[in-house]
Amino acid sequence: MSSATSVPAPARFPYAALLVLATIAFTAITTELLPSGLLPQISTGLNVSEPVAGYLAAAYAAVIVVTVVPVARLLAGIPRHTLLVGLVVTFAASNAWVGLSPDFTTAMAARMVGGLAHGLLWTTMAPFVTRVVPANQVGKALAIVFSGNSLGLAIGAPVGTALGGLLGWRAAFLVLAGFGLVLAVLAFFLLPRVRRISDSARPSIRRAIAEPGVKAVATAWPLLVLAHFALFTYIAPFIREAALPEYATSLALTVLGASGLLGIWVAGLTVDSRPRRSLMVTTAAIAVSMALLPLAVGNLPVALVLMTVWGAGLGAIGIYNQAAILRAGGEYSEAANGLTVLTIQLGITVGALYGSGALVVGGPLLVPVAAALPVLAALVITIAGKKHAYPPGPRERVWLEPRPVRAPEQDRVRDRA
């Protein structure tokens, strides 16, 4: 890529730096989800209703949508190491501010600061990874980093919620803030110094959109996220209507988070070699698992198997699409990545509304079927984007393409080996 770096990518795989980045992702996801599990306590503590307390989550997402593009452009000249450390400190300050807030208005302001940092983090993280690892190991590196997302969902948010129940919601935010400060110190010492230099292309959404393939990825990926949140948001009504046990809701959330790690692992093994075929198979598997969920009425094992496929697919599609947008964006990969951060947040918002509409119109059992429809749309876009958005990888032979003819000498050398 022409967004050059101040130093060449290291030959040695930087496991320590990638684990720090994964922990930063874990912290960001935990910060985003923590208010949802503590709404009753926050409502009482700040003397507002639970629906109003829920605005702490909604405002966080809204700030990302509004600020991600202009702020990323404004701060484009800051060295990436400095920016990432500063963002971790901002998360810590936001959480501490929430934990110490005397009223709802102050807490809302604190959450908006966190939302600003969240959007900028995701526009910075993936391009940073591409600059600190060899080009042929970017997929593996992204899989390590994005495991933090699934861990935040499967472990961070539940543990934070449990901590809030034991020590109070303010303590949960303050503990997360302290964890963030420790993480900032680790990031300062373990993340490599990589910065933009004078001839790097400045972020430009307009030029990024003009790159072949960017529009397709920036549409297909949010459609998958939309489908996930349409079903995920209303999983409890579905489980109740499907006559599954009461504990199945918490079990389902754990299964989705844990299987997401499995999907990330599989994606890490295939994203550098077979990205196109792997993404198509994964997307089709998500669609099938969602469409079949209504058939699992009264059958918890079948429901959990289908949820495992759904969760693993969700973990994998993030890796495949992240690699795709960086490749499609070319020299404007940071701007293209910022565009997907914005469209994904829109997908989350629209997904919850779409799921609500499906719940009202078709009832809880038809919500998974409705969620499968945007997944099928994403699959069509993936199939159509063969040339620029989702091209075959180095180990994917195009169907009907003749195999290269081997010279007899090559065969003899191979046989002797």
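The protein chain carries the name MFS transporter in an unreviewed UniProt entry, which gives Pseudarthrobacter enclensis as its organism. Note on the protein chain: under the UniProt heading Subcellular location (unreviewed entry), the record states "Cell membrane".

**Considerations on the overall build of the protein chain**
Per the secondary structure count, the protein chain includes 17 helices and 0 strands. When each of the 417 residues of the protein chain is scored for burial, the buried share is 53%. Nonlocal contacts in the protein chain, meaning residues at least 24 apart in sequence, comprise 86% of its contacts between residues at least 6 apart. Entry remark: accessible area of the protein chain is about 18200 Å², with carbon and sulfur atoms responsible for 69%.

**Let's talk about the nonpolar core**
Generally speaking, nonpolar side chains in soluble globular proteins are found buried as a group. Of all hydrophobic cores here, the largest spans 103 residues; its most connected members are Leu21, Ile24, Leu121, Trp122, Met290 and Met307. The element that contributes the greatest number of residues to this core is helix α14 (residues 300-329), accounting for 15 residues. In this structure, this core is formed jointly by two domains, domain 1 (12-195) and domain 2 (204-398), each of which donates at least three residues. Apart from the residues within four sequence positions on either side, Met307 is in contact with Ile235, Ile239, Ala252, Val255, Leu256, Ser259 and Leu293. Core analysis: the second largest hydrophobic core is formed by 17 residues, Leu38, Ala110, Trp169 and Phe173 among them.

**Some points on the packing of helix α5 (residues 80-99) against helix α6 (residues 104-132)**
At their nearest, the axes of α5 and α6 sit 8 Å apart, and the two run at 155° to each other. Considering their axes alone, α5 and α6 lie roughly antiparallel with respect to each other. For the pair α5 and α6, the crossing hand works out as left-handed. Residue classes in the contact of α5 with α6 are distributed as 14 nonpolar, 7 polar and 3 charged.

**Regarding the packing of aromatic side chains**
As enumerated under the stated definition, the model contains 6 aromatic pairs in all. Their ring planes at 70° and their centres at 4.7 Å tell us that Phe13 and Tyr15 sit as a pair that is edge-to-face. Taking the relative accessible area as the measure of exposure, Tyr15 reaches 45% and is therefore partly exposed. The ring of Phe13 carries the charged tip of Lys140 above its face, separated from the ring centre by 4.5 Å. Here Arg193 stacks its cationic end above the ring of Phe188, 4.9 Å away from the centre of that ring.

**Section: the environment of Leu304**
Among the secondary structure elements, Leu304 is positioned in helix α14. Put simply, Leu304 and Leu293 are 11 residues apart on the chain and 9.3 Å apart in space, counted from C-alpha to C-alpha. Those residues in contact with Leu304 that sit more than four places away from it in its chain are Leu251 and Val255.

**Thoughts on the side chain of Gln345**
Its place among the elements puts Gln345 in helix α15 (residues 333-362). Gln345 gets classed as buried once you look at its relative accessible area, which sits at 6%. Not counting residues within four places of it along the chain, the set of residues in contact with Gln345 comprises Glu32, Ala61, Ile64 and Val65.

Procedures and definitions
Throughout this description, residue numbers start from 1 for each chain and increase along the sequence as written. The predicted nature of this model means local features are confined to residues of pLDDT at least 70 and side-chain atom pairs, given and counted, to a pLDDT of 80 or more, with totals for whole chains, interfaces and linings taken over all residues. For side-chain calculations, the full set of non-hydrogen atoms in the structure is used, while hydrogens and water are omitted. UniProt positions are given in the numbering used here, feature names are shortened, and annotations may be inferred rather than shown by experiment. Strands are runs of DSSP state E lasting at least 2 residues, helices are runs of H or I lasting at least 4, and numbering of each runs from the N terminus. Relative accessibility under 20% of the residue-type maximum defines a buried residue, over 50% an exposed one, and the middle range a partly exposed one, all with a 1.4 Å probe and only protein chains included. Throughout, a contact is declared for two residues whenever any of their heavy atoms are within 4.5 Å. Residue-level accessible areas treat just the shown protein chains as cover; the underlying method is Shrake-Rupley with a 1.4 Å probe. We call a set of buried residues a nonpolar core when its members are Ala, Val, Leu, Ile, Met, Phe, Trp, Tyr or Cys and they connect through side-chain atoms within 4.5 Å of each other. For the domains described, the bounds stem from an automatic or database domain assignment. Axes, fitted as lines to C-alpha atoms, cover a helix only where it is in contact. Angles between the N-to-C directions of the axes lie from 0 to 180 degrees. Throughout this description, any angle smaller than 35 degrees is read as roughly parallel, any larger than 145 degrees as roughly antiparallel, any in the 65 to 115 degree range as roughly perpendicular, and the remainder as oblique. Whether a crossing is left-handed or right-handed is set by the direction in which the near helix is turned from the far one by less than a right angle, anticlockwise for left-handed and clockwise for right-handed. All amino acids are sorted into three groups, where Ala, Val, Leu, Ile, Met, Phe, Trp, Tyr, Cys and Pro are nonpolar, Asp, Glu, Lys and Arg are charged, and the leftover types, Gly among them, are polar. Any two of the Phe, Tyr and Trp rings considered here, Trp counted by its six-membered ring, make a pair once their centres fall within 6.5 Å; the pair's planes then place it as stacked at under 30 degrees, edge-to-face at over 60, or tilted in between. We call a charge positioned over a ring when the NZ of a Lys or the CZ of an Arg lies within 6 Å of the ring centre and within 35 degrees of the ring normal.

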